Amino acid sequence: MTHTTHTPTARVGKGNTAARTAGGPVRRTVTRGSRPGRGPLSSVTPWLFLLVPLVLLITFTYVPVANMIYYSFTDWDGVSPEIHVTGISNYTELFTRPELFRVFFVSLYYLVASAVQIVIALYFATVLSFNLRLRNVFKGILFFPYLINGVAIGFVFLYFFQDGGTLDSVMSWFGAGSDHVWLGEPTSANISLAGVSVWRFTGLNFVLFLGAIQSIPGELYEAAQLDGATRWHQFRYLIAPSIRPVISLSVILAVSGSLSVFEIPYIMTGGATGTTTFVIQTVKLAFQFNKVGLASAAAVVLLVIILLVTWIQRRLVPEEKVDLV
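Residues numbered from 1 in each chain as written. Predicted model: local features only at pLDDT ≥ 70, side-chain atom pairs only at ≥ 80, totals over all residues. Heavy atoms only, no water.

Engineer: How should the overall build of the protein be read in this particular structure?
Structural biologist: Assigned secondary structure in the protein consists of 14 helices and 2 strands. Across the protein, the fraction of contacts at a sequence separation of at least 24, relative to all contacts at a separation of at least 6, is 63%. Entry remark: accessible area of the protein is about 21200 Å², with carbon and sulfur atoms responsible for 66%. (Helix = DSSP H or I, 4+ residues; strand = E, 2+ residues; numbered from the N terminus. Contact = heavy atoms within 4.5 Å. Areas by Shrake-Rupley, 256 points an atom, 1.4 Å probe, with all protein chains shown as cover.)

Structure representation (structure tokens):
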């Protein structure tokens, strides 16, 4: 008995080509844009994922900045429902009162402290990137201060530097006097506050540098050791050029951070004894003297200064592409 099997024949639509070979499969040519799973929703999906972050970014970043710029051209006191536009009078007052800009000299203490913390963080990141005993313990010790809230750090060091406090007790063990007024004189107070910022933010730079150093391929270290390079040579000719973009980023953060210091001096001294920073002065103008318009102008000036310093730093030290392989 003979069974006849019927093979279904594929229908070829208009505009499609089908080549049939003897006993072979049917070849179909699919026109562009007819792939399955490519619908209108697929092109919108990435924007759906970005919708919530964009809404949050615009709501809590760009809208407040726009309001701040608007308030800088008004005489609003922060309470009254009436707002009067005064033009550039706030900026004129800001630039014609030298005492409002004199507080920038306080930022020099924090700028020097930022340079110190970058050096310390780079040193420990380089040392702990090599295979040493208890290196994970030291990594945790260095990064731990950055995890503590800034207000808590301010209160802890407030008792640390007070008269007869922890620092005076420790110094008395070594025969030093215990009558130092660490926060009662402008120079010693600013140095003390800058030292607290070094203790707190060294861990952040340390993590940035350590991550960049660990991304360097191990083959480069092996080649350097075969060539007889010492640890110093490895740092100078291998590590430092490889992490230059991260160092540049740390410098930008250091400059902007030194110009916008707020919580540690505000908690520890409240801006007394010559420790007022530009941000503390701006906050006092807005909430203590009810000059929101003038404070907004000061905030706009600070933003422009930070952007200008960042642009100058980028021009002087352009970002270079580092090829490690």
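Engineer: Could you clarify how one ought to interpret a nonpolar patch on the surface in this entry?
Structural biologist: Together, V65, I69, Y70, F73, I83, V85, I88, L303 and L307 give the surface a local cluster of nonpolar side chains, amounting to about 760 Å² of exposed area. Elements represented by at least two residues in the nonpolar patch include exactly α1 (40-71) and α14 (292-316). For V85, the position within the fold is in the loop between α1 and α2 (89-96). (Patch = residues over 30% accessible without salt bridge, like charges linked within 9 Å, V, L, I, M, F, W, Y side chains within 5 Å. Salt bridge = Lys/Arg side-chain N within 4 Å of Asp/Glu carboxyl O.)

Engineer: Teacher, can you tell me more about the layout of surface pockets here?
Structural biologist: Where empty space is left in the structure can be found by rolling a water-sized probe over the atoms. Here the largest pocket defines a volume of roughly 370 Å³. Lining the largest pocket are 20 residues; nearest its centre among them are F201, L253, G257, S258 and V261. Sorting the residues of the lining of the largest pocket by element identifies α4 (106-128), α8 (186-214), α11 (244-259) and α12 (263-268) as the ones contributing at least two each. Broken down by element, the residue count for the lining of the largest pocket peaks at 6 residues, all from α11. The residue makeup of the lining of the largest pocket, split by class, is 9 nonpolar, 9 polar and 2 charged. Looking at the second largest pocket, its volume works out to about 190 Å³. When the residues that make up the lining of the second largest pocket are grouped by side-chain class, the tally is 10 nonpolar, 3 polar and no charged. (1 Å grid on protein atoms, 1.4 Å probe; cavity = no way out; pocket = protein on both sides within 12 Å on 5 of 7 lines; lining within 4 Å. Points joined across faces, edges and corners; volume = space filled by probe spheres on them. Nonpolar A, V, L, I, M, F, W, Y, C, P; charged D, E, K, R; others polar.)

Engineer: Sorry, what's going on with the pattern of salt bridges here?
Structural biologist: Any two side chains of opposite charge can pair, given that their charged atoms come close. By the definition in use, this model includes 3 salt bridges. Between E93 and R97 there is a salt bridge, with the nearest N and O atoms lying 2.8 Å from each other. When its relative accessible area of 26% is taken as the criterion, E93 is described as partly exposed. Between E263 and R200 there is a salt bridge, and its shortest N-O distance comes to 2.2 Å. Separated by 63 residues along the polypeptide, E263 in helix α12 and R200 in helix α8 bring together distant segments of the chain. Put simply, E93, R97 and E99 are held in one network by salt bridges that share partners. (Buried < 20%, exposed > 50% of the residue type's maximum accessible area, 1.4 Å probe, protein only.)

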